[in-house]
Amino acid sequence: MHEKVENQQNSTKASRRSFFNKLWIFLGFVAFAEFISVVGAFLLPQKKRIKTSNFGPIIEAGPVEKFPLDSVTAFIRGKFYLSRLEDGGFLALSRKCTHLGCTIPWISKEKNFACPCHSSAFDIRGEVISPPAPRALDIYHV
Ligand code: FES
């Protein structure tokens, strides 16, 4: 009886040891695979996610019909506004106030950009309506 219990304990220890050996081998493979993926990501060139030009990143706005005349559309990712003028033209205006750089919201009811910091205002073309802003909003290529 005593021998049988001892054999059973040895068998349990052996299977536990075997389990842990397999677990260590598996974890070793996982660590190795992770190491290879990190080294590969470091060494291989990244795909360019944003198209660029000589003037900076290119943001695709979509079809012209999407923008009604005399409207302003915010492009949060590009950090600019796209103004569609009454004559059908477009202006890409910076969202930064030219006074001290606050972000300016477009107030559609009043049809102007109103800086919340020191109350400068700009029209749909980015021209200063109300100082202290010293100049018009910066314009990007469209
Ligand atoms: S930062 Fe806009 S008015 Fe001062």
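Looking now at the overall build of the protein chain. Helix and strand counts for the protein chain come out as 1 helix and 10 strands. Out of the 142 residues belonging to the protein chain, those deemed buried represent 22%. Look at the contacts in the protein chain between residues 6 or more apart in sequence, and 31% of them connect residues 24 or more apart. Total accessible area computed for the protein chain in this model is approximately 11,100 Å², and 60% of it derives from carbon and sulfur atoms.

Ranked by internal contacts, the top residues of the largest apolar core, which has 15 residues, are Ile104, Phe113 and Phe122. Counting 5 residues, the second largest nonpolar core, distinct from the first, contains Phe67, Phe75, Phe80 and Leu82.

A cluster of nonpolar residues, Phe19, Phe20, Leu23, Trp24, Phe26, Leu27 and Val30, forms a patch on the protein surface that exposes about 710 Å² of accessible area. Summarising the element assignment, Phe20 is placed in helix α1 (residues 2-43). Taking relative accessible area as the criterion, Phe20 reaches 38% and is therefore assigned partly exposed.

Glancing now at the packing of aromatic side chains. Describing an aromatic ring pair means giving the distance of the ring centres and the angle of the ring planes. Throughout the structure, instances matching the rule amount to 7 aromatic pairs. Taken together, Phe67, Phe75, Phe80, Phe90 and Tyr140 form an aromatic cluster joined through their ring pairs.

Moving on: the state of the cysteines. Overall, the coordinates contain 1 disulfide when judged by the stated rule. Bridging Cys102 to Cys117, the disulfide has an S-S length of 1.9 Å. Around the S-S axis, the bridge from Cys102 to Cys117 shows a dihedral of about -100 degrees and counts as left-handed. Placement of Cys102 in the loop between β5 (90-94) and β6 (106-107) and of Cys117 in the loop between β7 (112-114) and β8 (121-122) is noted, with a sequence separation of 15 residues between them.

Our next topic: unusual backbone geometry. With an omega of 25 degrees, the peptide bond between Pro131 and Pro132 qualifies as cis. Note that Pro132 resides in the loop between β9 (128-130) and β10 (139-140). Look at Asp70: it is not a glycine, yet its phi comes out positive at around 55 degrees. Structurally, Asp70 is set in the loop between β2 (56-57) and β3 (71-75). Classification of Asp70 by relative accessible area gives partly exposed; the value is 24%. Phi at Lys111 is positive, roughly 55 degrees, even though this residue is not glycine.

Before going further, it helps to spend a moment on the environment of Leu91. As for its placement among the helices and strands, Leu91 is situated in strand β5. Relative accessible area serves as the criterion here: at 17%, Leu91 is assigned to the buried category. If we ignore the near neighbours within four places in the chain, the residues touching Leu91 are Tyr81, Leu82, Ser83, Leu85, Arg125, Ile139 and Val142.

Moving on, we come to the confidence of the model for the protein chain. Looking at the protein chain as a whole, the pLDDT averages 85, with 88% of positions reaching at least 70. Mean pLDDT across the elements of the protein chain ranges from a minimum in strand β1 (residues 52-53), with 66, to a maximum in β8, with 95.

Here β3 pairs with strand β4 (residues 80-84) via 5 bridges, running antiparallel. Looking across to β4, one finds that Val72 is bridged to Ser83. Adjacent in sequence and paired antiparallel, β3 and β4 are bridged by 4 residues, among which Lys79 carries a positive phi angle near 60 degrees.

What counts and what doesn't
Residues numbered from 1 in each chain as written. Predicted model: local features only at pLDDT ≥ 70, side-chain atom pairs only at ≥ 80, totals over all residues. Heavy atoms only, no water. Helix = DSSP H or I, 4+ residues; strand = E, 2+ residues; numbered from the N terminus. Buried < 20%, exposed > 50% of the residue type's maximum accessible area, 1.4 Å probe, protein only. Contact = heavy atoms within 4.5 Å. Areas by Shrake-Rupley, 256 points an atom, 1.4 Å probe, with all protein chains shown as cover. Core = buried A, V, L, I, M, F, W, Y, C linked by side-chain atoms within 4.5 Å. Patch = residues over 30% accessible without salt bridge, like charges linked within 9 Å, V, L, I, M, F, W, Y side chains within 5 Å. Salt bridge = Lys/Arg side-chain N within 4 Å of Asp/Glu carboxyl O. Phe/Tyr/Trp six-rings, centres within 6.5 Å; stacked < 30°, edge-to-face > 60°. Disulfide = S-S within 2.5 Å. pLDDT = per-residue confidence, 0-100. Pairing = 2+ DSSP bridges.

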